[in-house]
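Read off the chains here:
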Amino acid sequence: TLKTRTALVTGSTSGIGLAIARAFAAEGANIVLNGFGKPEEIEQARTAIESEFGVRALYSGADMSKPAEIGAMVRDAQECFGSLDVLVNNAGIQFVSPIEEFPTEKWEQIIAINLSSAFHAMHAAIPGMKARGWGRIINTASAHSLVASPFKSAYVAAKHGIAGLTKTAALELAPHKVTVNCISPGYVWTPLVEAQIPDTMKARNLTKEQVIEEVLLKAQPTKEFVTVDQVAALAVFLCSDAASQITGANIPMDGGWTAQ
Ligand code: NAD
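Starting from 1, residues in each chain are numbered consecutively following that chain's sequence as written. Thresholds applied to this predicted model are a pLDDT of at least 70 for local features of residues and 80 or more for the giving and counting of side-chain atom pairs; totals over whole chains, interfaces and linings are not thresholded and use all residues.

Three exposure classes are used, all based on how many other C-beta atoms lie within 10 Å of a residue's own C-beta (placed from the backbone): buried at 20 or more, exposed at 12 or fewer, and partly exposed between those limits. Under the DSSP-based scheme used, a helix requires at least four consecutive residues in state H or I and a strand at least two consecutive residues in state E, with every element numbered from the N terminus. By the alternation rule, side chains of strand E4 (residues 86-89) split into Val 86 and Val 88 and Leu 87 and Asn 89, which are all buried. For two strands to be treated as a pair, DSSP must find no fewer than two bridges joining them. Note that strand E1 (residues 6-9) and E4 share three bridges and pair parallel. Among the inter-strand pairings, Ala 7 is bridged to a residue of E4, identified as Val 86. In this sheet, strand E5 (residues 135-140) lies alongside E4 in parallel orientation, the contact comprising four bridges. Looking at E5, one finds that Asn 89 is bridged to Asn 139.

Following this line, the structure appears as structure tokens:
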């Protein structure tokens with residue numbers, strides 16, 4: 001149970017992050033939602049968490065490419081709920097292009113949102129976790145933290161980076177009962193995956209069906225997408241006492257992709 005705990009999930013207005021936030025709320029945690037989207041839809045997701053699970057939910061519109069906004073979001077969470085016990089660095093974007101055509105500003109943006117934001121959030125959240133002697137940090141990495149695919153240079157670099165950051169933080173925090181792990185999903189059916197299909201069609205000159213069969217699920221031996229609820233269930237487990245000795249791990253949930 002996560003009663004009395006507060007969990008902040010970056011990029012939780014959609015997809016995997018929203019599923020993790022809802023799963024934590026179901027365990028009794030107060031929640032800080034973050035991410036972009038239509039204000040009325042975000043407010044609906046926030047109030048649904050409060051009414052369905054009887055917890056409190058705060059929304060922060062902090063931009064994960066802006067260090068000052070990340071620090072302010074963590075401080076707001078601590079002020080509102082008294083502590084920040086669980087941090088999930090999950091916000092992420094994708095861009096698909098050959099390196100020689102990859103726009104420099106896209107590279108910078110992906111490194112900022114998919115990698116540096118986790119550093120900035122940890123920088124702000126760790127002192128409180130250390131002081132209270134308990135914490136859980138979970139980074140949504142990816143199968144692309146372990147293996148590469150062509151045309152995803154910034155994403156693969158950022159995800160390999162987050163795997164290294166996770167190990168470093170785990171070693172620093174091991175004496176403080178704060179665990180730090182990554183979850184590395186294969187292809188999960190979310191707006192992020194759906195949105196990259198047109199660019200992959202263009203980059204590889206394929207139809208939508210070919211991209212799904214020959215590019216996305218080609219790598220995944222089970223030939224099924226991971227679900228957001230499966231990822232959320234692993235995040236809940238990593239917060240449990242049973243998982244207190246799991247730290248510095250990069251746990252794949254990828255239908256066998258990275259076993260190949
Ligand atoms: P999604 O597009 O559904 O959600 C991304 C979330 O990040 C949204 O809430 C969005 O508003 C938020 N976001 C984007 N830019 C932001 C910014 N600058 N500041 C704050 N929030 C921002 O995607 P998803 O598939 O749920 O992805 C979540 C994480 O899971 C990402 O880190 C992604 O790389 C990772 N992941 C996804 C898959 C997959 O197949 N979907 C696989 C492996 C890893």
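This part takes up helix H6 (residues 191-204). For H6, spanning 14 residues, the distance from its first C-alpha to its last is 20 Å, which sits close to the expected 20 Å at 1.5 Å a residue. Maximal helix bending in H6 amounts to about 35°, located at Pro 198. Backbone geometry just after H6 places Asn 205 at a positive phi near 60°. The span you would expect from a helix comes to 1.5 Å times its residue count less one. At any given residue, the bend is defined as the angle formed between two axes, one fitted to the seven residues that end at that position and one fitted to the seven that begin there.

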